[in-house]
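A closer look at the structure
Spelled out, the chains give:
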Amino acid sequence: MMAPASVRGVVLAGLAFAGSAASAQDVKIHAFLDGRLVDAPSPTSFTEGGYGKTRYGSGDTRLQFGGGGLIVTAQATPSLLGLVDVQAQTTDHRMLGLVESYLRYRPVSLSPWRWSLQAGVFFPPVSLENDGIGWTSPWTITPSAINSWVGEELRDVGVQGQLQWRGQSSSLAATGALFRRNEIAGNILPTRGWSLSDLTYGLGERIRLPDQPSENGQAPTERYDPFRRVTNQIGWHADLTWRAPGNTRVTLLRWDNGADPHAWVPYEGGDRLYAWRTKFWSLGATTQSGPVTWIAQAMEGGTLALPGTRHVQTHFRSAFVLVGWNQGAWRPALRLEHFSTDNDSSFGDGGEHGNAVTAALAWRPHDWLRITYELMRVDSYRSYLASTGQSPSVKATQMQVSARLLY
Amino acid sequence: MRRAYQTLAGLVMGLAANAYGSTLVVHVDDGHGRPADSAVVTLQSPGGDAAAAVPATATHTIDQRNETFIPYVEVMRPGEQVVFRNSDNTRHQVYSFSELKRFEYVLRPGTSSPPLTIEGSGIIAVGCNIHDEMITYLFVTSAPARVTGKDGNAQFEGLAPGNYQLRVWHPQLKPGDQGARLEAVVAEGSPAAPLNVHLTLLPDPRASMDREHMGY
């Protein structure tokens, strides 16, 4: 997939920054490469135009390329950090995307107050799971439905500021951001629904929509760029984060992409790609008790598009609880979650609801190698599937054994 | 906190009877039977005199390796100096906004800060502005003090017979928990069994360099 010129500009600017700082001592290169054996469920995956919730859906067992990433950081000065994260995957089709590329200025403060400013391409601070290399989860191969969606459709191309107060035992941080190019975010939830996948899309990549039946039986493959500019409206998010001893953290975030739901841009095949006015609340908490880490997140929101005289509105929600054990080189984890969407009647698709259970066991025999076994069961119900002759109830079990090389 | 005091009050009865001899060993655990390293045990005789001869170390060195301060806790006396050394191949920005001492040093690989004199008593938390997970504590006190090792033990030698007040502090105490206070009776004789102190500790907040966690 060829990235648009503007995206290539961002990539080149980020790499130029890293390159210019290469003479400094603090340029670091991180990378990961993932290969895995996958026993895939039979429901056709969303990556192949189906409504299957999992990344793989061919119904067979085979070796797969899980993905690879190159992350370059440059600490140009003690206060100025630059980061570029480029990743590749081949599950849908060959894709190379710019996942993040930003500069962060965070001067030292000799008072309890500290501020920082960040500009570029970066994730909104929603996920409490994805703090591993390349925005991966150290607990499971597949992130929760909430953070799968964040990895698919949410990205800031903008600026973010943070003010932090650091007390003797805890700290409080208020963060706010203004961003553009995320007006299409929300499109996938009414049309396809939630997914559970570790595919992280970057600028320059495209998401596949479910294939629709056509008169001649040839379902055209439709993909869209989730970070495409529509009218260049400015969105925002703001959050409050409390950190306390015991690796405890609670975050409340509000996100609003500010999109004009009447707006659209030409699309592949002469169709129109509409902006979706999407807003949500996200509440997350994590804490550690001895070797046990708990993570819980909940998201609730809505998205609206106004194509012509139609009024298409979807309400979405999801929540999960993850418990993980730090047993040295071994790290088992279990996650339970629920997800749903409610589409209004004019959409012709009533939405969905479902649950997922994910069990994983990660093993780090060396600092450069992580072996992860993951078993995930997803049960979902989508009434629309009955109208296409499919069962509205979809049950899928996906098993993966991943070997991830870390540099 | 109240519960901790109650627990220790019960211990003191046994401790006073067990602590004989001119050597006093205090064993600190995390409440689950595991030795607690990096706990600071301070000793004070009732009259407030110096309870034991403490070797004077004019300059203390805090190293930085694998994006970790070593040691986690350093005991100093007021008026002594500390030097921060960078043994990593990356830059560090060592700083503190403690009320006792505010300072900041940018340290290139292989370099050390100039000696910094610490006046007054108290606890100074020191961090790195580049690597937020790095933290170390300077525990500044005029009382004799020892830091527990991997075995959870802190040892005082050459003590004169008498009653001593002990305080035990750890950087991973719960907020508001001042640690343990207890009394020990030291008598002439053969070395006694260690005094056992149970603390309730929170998980270690430090995260050393790891290929999977970049920590930016």
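Residues numbered from 1 in each chain as written. Chains lettered and ligands numbered in written order. Predicted model: local features only at pLDDT ≥ 70, side-chain atom pairs only at ≥ 80, totals over all residues.

Description of the overall build of chain A
Under the convention used in this document: Strands here are runs of E lasting at least two residues and helices are runs of H or I lasting at least four, both read from the DSSP assignment and numbered beginning at the N terminus. Neighbour counting defines burial: a residue surrounded by 20 or more other C-beta atoms within 10 Å of its own C-beta is buried, one with 12 or fewer is exposed, and intermediate counts give partly exposed, using backbone-placed C-beta atoms. This entry defines residue contacts through backbone-placed C-beta atoms, with two residues in contact when those atoms are within 7 Å.
Looking only at helices and strands, chain A features four helices and 20 strands. In terms of principal-axis extent, the alpha carbons of chain A reach across some 65 × 45 × 35 Å. Classification of the 407 residues of chain A by burial places 47% in the buried group. Intrachain contacts of chain A at a sequence separation of at least 6 include 61% that bridge at least 24 residues.

Thoughts on the overall build of chain B
Helices and strands together make up the secondary structure of chain B, namely one helix and 16 strands. In chain B, which comprises 216 residues, the share counted as buried stands at 34%. In chain B, once contacts between residues fewer than 6 apart in sequence are set aside, the share between residues at least 24 apart is 68%.

Looking at the interface of chain B and chain A
Formally: By the convention adopted, Pro, Cys, Tyr, Trp, Phe, Met, Ile, Leu, Val and Ala count as nonpolar, Lys, Arg, Asp and Glu as charged, and the other residues, Gly among them, as polar.
On the side of chain A, 31 residues touch chain B, which itself brings 24 residues to the contact. Secondary structure elements with two or more residues in the side of chain B that touches chain A: strand 7 (92-97) and strand 8 (102-107) of chain B. Looking at the side of chain B that touches chain A, its residues break down into eleven nonpolar, five polar and eight charged.

What to know about the sheet that holds strand 6 (residues 81-86) of chain B
All names here are of chain B. For clarity, the threshold we go by: For two strands to count as paired, DSSP must find a minimum of two bridges between them.
Across the sheet, which stays open at both edges, the four strands sit in the order 4-3-6-9 with mixed pairing between neighbours. Across the chains shown, the open sheet's two edge strands, defined by having one partner strand only, are strand 4 (68-70) and strand 9 (116-117). In this sheet, strand 4 lies alongside strand 3 (residues 59-65) in antiparallel orientation, the contact comprising three bridges. Bridge pairing in strand 4 links Arg 65 to Thr 68.

Quick notes on the environment of Gln 212 of chain A
Residues and elements named next belong to chain A. Residue position: Gln 212 is located in the loop between strand 8 (207-208) and strand 9 (223-224). With 11 C-beta atoms packed within 10 Å, Gln 212 lands in the exposed category. Through-space distance from the C-alpha of Gln 212 to that of Thr 388 is 9.2 Å; in sequence the pair is 176 residues apart.

As for the sheet that holds strand 16 (residues 195-198) of chain B
All names here are of chain B. We apply this condition: For helices, the fitted line uses only the C-alpha atoms of the stretch in contact; every axis is such a line through C-alpha atoms, and the angle between N-to-C directions lies from 0 to 180 degrees.
Strand order in the open sheet formed by three strands is 13-1-16, and the pairing between neighbours is mixed. Of all the strands in the sheet, just strand 13 (153-156) and strand 16 have a single pairing partner and so form its edges. With direction set aside, neighbouring strand axes in the sheet form an average angle of 20 degrees.

Structural notes on the environment of Gly 389 of chain A
If you trace the backbone, Gly 389 of chain A turns up in the loop between helix 4 (384-387) and strand 20 (393-406). Remark: the alpha-carbon pair of Gly 389 of chain A and Gly 270 of chain A, spanning 119 residues in sequence, is separated by 28 Å.

Section: the domain arrangement of chain B
One frequently used descriptor of interface size is the decrease in accessible area upon assembly of the parts. Residues and elements named next belong to chain B. Rules: Domain delimitation follows an automatic or database domain assignment.
Each assigned domain of chain B is listed here: domain 1 (2-52 + 144-198) and domain 2 (59-140). At the junction of the two partners, domain 1 supplies five residues and domain 2 supplies five residues. Of the residues in the side of domain 1 that touches domain 2, the class split is four nonpolar, one polar and no charged.

Section: the nonpolar core
Spelled out, the test is: By convention in this section, buried Ala, Val, Leu, Ile, Met, Phe, Trp, Tyr and Cys residues joined through C-beta atoms within 7 Å make up a nonpolar core.
If you look at the biggest cluster of nonpolar residues, it comprises 46 residues, and the most contacted ones within it are Ala 145, Ile 146, Ile 184, Ala 275 and Trp 276 of chain A. Residues in contact with Trp 276 of chain A, not counting those within four places in the same chain, are Ile 184, Ala 185, Gly 186, Asn 187, Ala 259, Pro 261, Thr 303, Leu 304 and Ala 305 of chain A. Counting 28 residues, the second-largest nonpolar core is a separate cluster that includes Val 28, Leu 43, Tyr 164 and Leu 199 of chain B.

Things to note about unusual backbone geometry
Along the chain, Ile 70 of chain B connects to Pro 71 of chain B via a cis peptide bond; the corresponding omega equals 5 degrees. Even without being glycine, Asn 247 of chain A reaches a positive phi, approximately 50 degrees. Within the secondary structure layout, Asn 247 of chain A lies in the loop between strand 10 (235-244) and strand 11 (248-256).

A word on the confidence of the model for chain B
All names here are of chain B. Under the convention used in this document: The predictor rates its confidence in each residue with pLDDT, a number between 0 and 100.
Per-chain confidence: chain B averages 84 in pLDDT, with 82% of residues scoring 70 or above. With pLDDT under 50 throughout, residues 1-20 is counted as low confidence; its partners more than four residues away or in other chains account for 32 contacts. With pTM at 0.89, the complex prediction returns an ipTM value of 0.86.

Let's talk about the environment of Val 99 of chain A
Residues and elements named next belong to chain A. Structurally, Val 99 is set in strand 4 (residues 95-105). Val 99 sits in the buried class, given 23 other C-beta atoms within 10 Å. C-alpha separation for the pair Val 99 and Gly 151, spaced 52 residues apart in sequence, amounts to 8.8 Å. Apart from the residues lying within four places of it in its own chain, the contact partners of Val 99 are Asp 85, Val 86, Gln 87, Gly 134, Trp 135, Thr 200 and Gly 202.

Quick word on helix 2 (residues 145-153) of chain A
Residues and elements named next belong to chain A. Among the nine residues that make up helix 2, nine are buried, leaving the element largely enclosed by the rest of the structure. Among all positions in helix 2, only Ala 145, Ile 146, Asn 147, Ser 148, Trp 149, Val 150, Gly 151, Glu 152 and Glu 153 are buried. Taken together, the buried residues of helix 2 touch helix 3 (188-191), strand 8, strand 15 (292-305), strand 16 (312-325), strand 17 (330-343) and strand 18 (351-366).

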